[in-house]
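Observations on chain architecture
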2 protein chains.
Amino acid sequence: MFHPTPALTLRRCSLASRAVLAITTWTIQAAAEDKKPEPPKPPNVIIILADDLGYGDLGCFGHPTIATPNLDRMAREGMRLTQFYSAAPVCTPSRAALVTGRLPVRTGMTSDKRGVLFPDSKGGLQAGEITIAEALKTKNYATACIGKWHLGHLPQYLPTRHGFDSYYGIPYSNDMKPAVLLRNERAIEDPVDQTTLTDRYTAEALTFIRQNRKGPFFLYLPHNFPHVPLFASSEFKGKSRRGLYGDVVEELDASVGRILETLRELKIDDHTFVFFTSDNGPWLVKRGEGGSAGLLREGKGSTWEGGMREPAIAWWPGTIPAGRTSAELASMTDLFATIHKLADIELPPDVTLDSLDLSGVLTGKSASPRQSMFYYRGTRLMAARMGAWKAHYLTQSGYGGDAPVPHDPPLLYDLEHDPSEKIDVAKSHPEVIAAMQKLVDEHKATIVPVPSQLE
Amino acid sequence: MFHPTPALTLRRCSLASRAVLAITTWTIQAAAEDKKPEPPKPPNVIIILADDLGYGDLGCFGHPTIATPNLDRMAREGMRLTQFYSAAPVCTPSRAALVTGRLPVRTGMTSDKRGVLFPDSKGGLQAGEITIAEALKTKNYATACIGKWHLGHLPQYLPTRHGFDSYYGIPYSNDMKPAVLLRNERAIEDPVDQTTLTDRYTAEALTFIRQNRKGPFFLYLPHNFPHVPLFASSEFKGKSRRGLYGDVVEELDASVGRILETLRELKIDDHTFVFFTSDNGPWLVKRGEGGSAGLLREGKGSTWEGGMREPAIAWWPGTIPAGRTSAELASMTDLFATIHKLADIELPPDVTLDSLDLSGVLTGKSASPRQSMFYYRGTRLMAARMGAWKAHYLTQSGYGGDAPVPHDPPLLYDLEHDPSEKIDVAKSHPEVIAAMQKLVDEHKATIVPVPSQLE
């Protein structure tokens, strides 16, 4: 855990004042109206995570028949990120990376034998790991995790042991038996009624926001859907043109709408940073019950783009410019450093992070500091990205049961020209392959083997 | 040609007054400000057609690295249509259908031997066909066609013989030699400099709009791009993350921005209906120089969705509600009847139309009157759509050189659940196949063979 000294905290507060005044307009306006400026507070933070939602499953990312007016509005009022990646193509490692800012291969939260944690697993996120929630606690944030944790269901691994004041949700995937609902560390519904789960998560979230309206607060809201089995409430079942999958996504969309509306109603929208994304790509083998990666190749489980590139929307009225699309390279692991920056917390020393501060990208003031990405499947580095280029050293379908196929030279794609990964240009770009190999070697040298928590 | 009597015109004007007052707010506001209400005019109409642009090639339709801020803004201020179809998967028949509201199989503007008109073709759109421009001339619209006509390059087939006061553009595709630029019926540049073509079309369009600011006017602006060979002006070349294809689309996007900005500046945006779409899907065999159909299957030339479903945006501030997405079924042939309705012109009697009035869809007041769609390749009916269902009787790739494959029973897809046409559900829905067959038989009975103009 990261515990700054009081003196350090104070100094950072003072820096924070200047930083927040420099990048926001609301603070200045509010001060002018009240005539007595309050010291600026660090922003509230809400991360909303969908489960197995595909890159192409939202209206604002091109789906023709799933109606997502609330997420579309969130995008109109904020920023759509079109090259935003999860750190893994399946649940557990992706979520571990989100909360720690570290690749799963560093935290032991991945495995080549079992892709994710199961109800019979004994492992989980280690106590030594620093989560976003723990970091924000040093700035007195109220913190809540509502939804699917999937980083260990034994008590010592639960959100309440990782910086969250409270937890309400299912500790693993909704297809794992028995699906049991926890409040904090106690089972309160077994088996859980999944038809009302999204609605109940939303109600819990709204209660938390209202109770902590004076802020600052951090809400981590990882929904269980649209992971199969799919369930929608009676209000949404049969409503969508896209069938049950669409009903489920439209219920999530409505949940986002209720949250943003509550922020507006409480007049805290201008000091709340909200980020929406998904943990990994669509589960294509589920056919009509799985989503769509849009123009991207493959889906969940694979390191083709469809497995790891996610729809992402950032929203913070007055700070994040409205109606922008950013094609800057960004990773889910970057939320860790970005939130540290927004809350003016120094990054922990003595920890190898894979996290870069994207606050300049979100305010539209600078290009992304991120120039590379590493695509892991389990502990295997399958592919790497450098600028627009992606090299596949190994390819394998998500859930096809095929063995990994090695490529030497690697397959090479220009992802910005060819997002669907159709045109291998390896032969004409040996210099890119050489530079990529150097990047990969440097990256691999930073990896220290750790025991897997998933086996 | 359709020539209403003066008396009939007068009666329709009077009806138009009520209709326009009922559905628009600008008329009432303008009247209140001026204190002397002018009789409402029918709206100006602008149709902007891209050439070979794919369903997935705009930011607001999900492309990650083509920046289309102007079309995205047009969508935010207007309506995105996500189930809008061209009437053919290639240029000539698609454009013939747009201007006449009739399937190409009725006008002879299609063929099983040659898909489109070539510089050595002798045929073209017949004088007896009624175009949107001719209809609007009965209401004293100023009319201009600027861009790619492709409905016959011999003088008797040019836009100037089909209701357009003026023409400026290339009469066929930009890959057909010699690519020559016409003004009205005279060659003015041979060969044409294609690098400045989009810019020059735009300049011509802006001049026409300014000259006819008092309205009503009809501008048909079918661009030559992003059809290959691709050319961008020096301002746009190298600008896009997507390479030359992206540069070309971004230049088209800027052109749309200049047009909408001019309408705002002239304060005629609130009585101008603008519609943007593409003639057919992306030319996939051109690889990096062709576009993307997004999540749709196949592209140009084929009757899979990628060949005929188009990105479409309708814009008319104050009349078309802002920021809406409509998944109502709509066809390019419907522009004919819709524009007749907007300009209060009766549809021509004694002509078999394939055109339905979508004005209720565009104002958000009603569901689409269209419940079916017929997918032709040449004169062959390959597939049909009934509600959400699509049956493929014959399938064939766009440019793969393969022979058509017959299907009995047809392949059946639920396009609203499965827009990517992955899950054939024919076996479980014999009743849909029976109903579809009845629909197809009824449709086929309306087709009267006519000589092809393309052979």
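On a predicted model such as this, the values are computed, not experimentally measured, just so you know.

Quick look at the sheet that holds strand β13 (residues 380-386) of chain B
All names here are of chain B. One open sheet accounts for 4 strands, arranged β12-β13-β14-β15; its pairing is antiparallel. Only two strands of the sheet have a single partner each, and these edge strands are β12 (372-377) and β15 (405-414). Here the average twist between neighbouring strands, direction ignored, is 20 degrees. Of the strand pairs in this sheet, strand β14 (residues 389-395) and β15 are connected by 6 bridges, and their pairing is antiparallel. Pairing of Trp 389 across the sheet is with Asp 414, part of β15.

Points about the interface of chain B and chain A
Contacts between chain B and chain A engage 32 residues on the former and 32 residues on the latter. For the pair chain B and chain A, the summed buried surface comes to about 2600 Å²; carbon and sulfur atoms form 49% of the total. Along the contact surface separating chain B from chain A lie 4 salt bridges. Taking the shortest distance from any N to any O, the salt bridge between Glu328(A) and Arg241(B) comes out at 2.5 Å. Linking chain B with chain A are 16 residue pairs in polar contact (both at pLDDT 80 or more), by the criterion used here. Those elements that place two or more of their residues in the side of chain B that touches chain A are α3 (69-77) and β2 (79-85) of chain B.

Examining the packing of aromatic side chains
Both the distance between ring centres and the angle between the ring planes are used here to describe each pair of aromatic rings. Inspection of every chain in the model, using the stated rule, returns 25 aromatic pairs over all chains. With centroids separated by 6.3 Å and ring planes inclined at 50 degrees, the aromatic side chains of Phe273(B) and Trp316(B) adopt a geometry described as tilted. One end of the pair, Phe273(B), is in strand β8 (residues 272-278); the other, Trp316(B), is in the loop between β9 (309-315) and β10 (324-326), and 43 residues separate them in sequence. Per residue, the accessibility class of Phe273(B) equals that of Trp316(B), and both read buried. Every member of this aromatic cluster is reached through a ring pair, and the members are Phe84(A), Phe273(A), Phe275(A) and Trp316(A).

Structural notes on the relation of the copies chain B and chain A
Between chain B and chain A, the superposition needs a rotation of 180 degrees and an axial shift of 0.0 Å, giving an RMSD of 0.0 Å. Seen this way, the second copy is the image of the first under a two-fold rotation axis. The C-alpha atom lying nearest the rotation axis in chain B is that of Gly62(B); the distance is 2.2 Å. Same-surface contact between copies: 100% of interface residues of chain B are shared with the interface of chain A.

Here's the deal with the domain arrangement of chain A
Residue and element names in this part refer to chain A. Partitioning chain A into domains gives domain 1 (6-370) and domain 2 (379-444). The centre of domain 1, based on its C-alpha atoms, is set 28 Å off from the matching centre of domain 2. Across the boundary between the two partners, domain 1 contributes 23 residues, which contact 21 residues of domain 2. Summing both partners gives a buried area of about 1700 Å² for domain 1 against domain 2, and 51% of it is carried by carbon and sulfur. In this structure, the connection of domain 1 to domain 2 is made through 1 salt bridge. Between domain 1 and domain 2 we count 10 residue pairs in polar contact (both at pLDDT 80 or more) in total. Of all the secondary-structure elements, those providing two or more residues to the side of domain 1 that touches domain 2 are β2 (79-85) and α5 (104-107). When the residues that make up the side of domain 1 that touches domain 2 are grouped by side-chain class, the tally is 11 nonpolar, 5 polar and 7 charged.

So, the pattern of salt bridges
Working definition: two side chains of opposite charge can pair if their charged atoms are close together. All names here are of chain A. What the rule picks out here adds up to 52 salt bridges over all chains. Note that Glu 185 and Arg 161 form a salt bridge whose closest N and O atoms lie 2.6 Å from each other. A residue pair is termed long-range when its members are at least 10 positions apart, and Glu 185 in the loop between β5 (181-183) and β6 (186-189) and Arg 161 in the loop between β3 (142-146) and β4 (166-169) qualify at 24 residues. Residue Glu 185 is classed as partly exposed on the basis of its relative accessible area, which comes to 34%. The salt bridge partner of Glu 416 is Arg 385, with a shortest N-O separation of 3.4 Å. Pair noted here: Glu 416 is in the loop between β15 (405-414) and α12 (430-444) and Arg 385 is in strand β13 (residues 380-386), with a separation of 31 residues, a long-range link.

Points about the sheet that holds strand β12 (residues 372-377) of chain A
Residues and elements named next belong to chain A. With antiparallel pairing, 4 strands are arranged side by side in an open sheet as β12-β13-β14-β15. Looking at strand neighbours, the two that pair on one side only are β12 and β15, the edges of this open sheet. With strand direction ignored, the average angle separating the axes of adjacent strands in the sheet is 20 degrees. One ladder, built from 4 bridges, connects β13 with strand β14 (residues 389-395); its direction is antiparallel. Following the sheet pairing, Ala 383 is matched in β14 by His 392.

Things to note about the side chain of Arg95(B)
All names here are of chain B. If you trace the backbone, Arg 95 turns up in helix α4 (residues 91-100). By relative accessible area, which is 0% here, Arg 95 ends up buried. Here Arg 95 is in contact with Leu 49, Ala 50, Asp 51, Lys 148, Trp 149, His 150, Leu 151, Tyr 220, Pro 222, His 223 and Asp 279, once residues within four sequence places are set aside.

Rules used in this analysis
Residues numbered from 1 in each chain as written. Chains lettered and ligands numbered in written order. Predicted model: local features only at pLDDT ≥ 70, side-chain atom pairs only at ≥ 80, totals over all residues. Heavy atoms only, no water. Pairing = 2+ DSSP bridges. Helix = DSSP H or I, 4+ residues; strand = E, 2+ residues; numbered from the N terminus. Axes fitted to C-alpha atoms, helices over the stretch in contact; angles between N-to-C directions. Contact = heavy atoms within 4.5 Å. Buried area = accessible area lost by both parts, 1.4 Å probe. Salt bridge = Lys/Arg side-chain N within 4 Å of Asp/Glu carboxyl O. Polar contact = N/O pair within 3.5 Å; in protein donor to acceptor, adjacent residues only side chain to side chain. Phe/Tyr/Trp six-rings, centres within 6.5 Å; stacked < 30°, edge-to-face > 60°. Buried < 20%, exposed > 50% of the residue type's maximum accessible area, 1.4 Å probe, protein only. Least-squares fit on C-alpha atoms with pLDDT ≥ 70 in both. Domains from an automatic or database assignment. Nonpolar A, V, L, I, M, F, W, Y, C, P; charged D, E, K, R; others polar.

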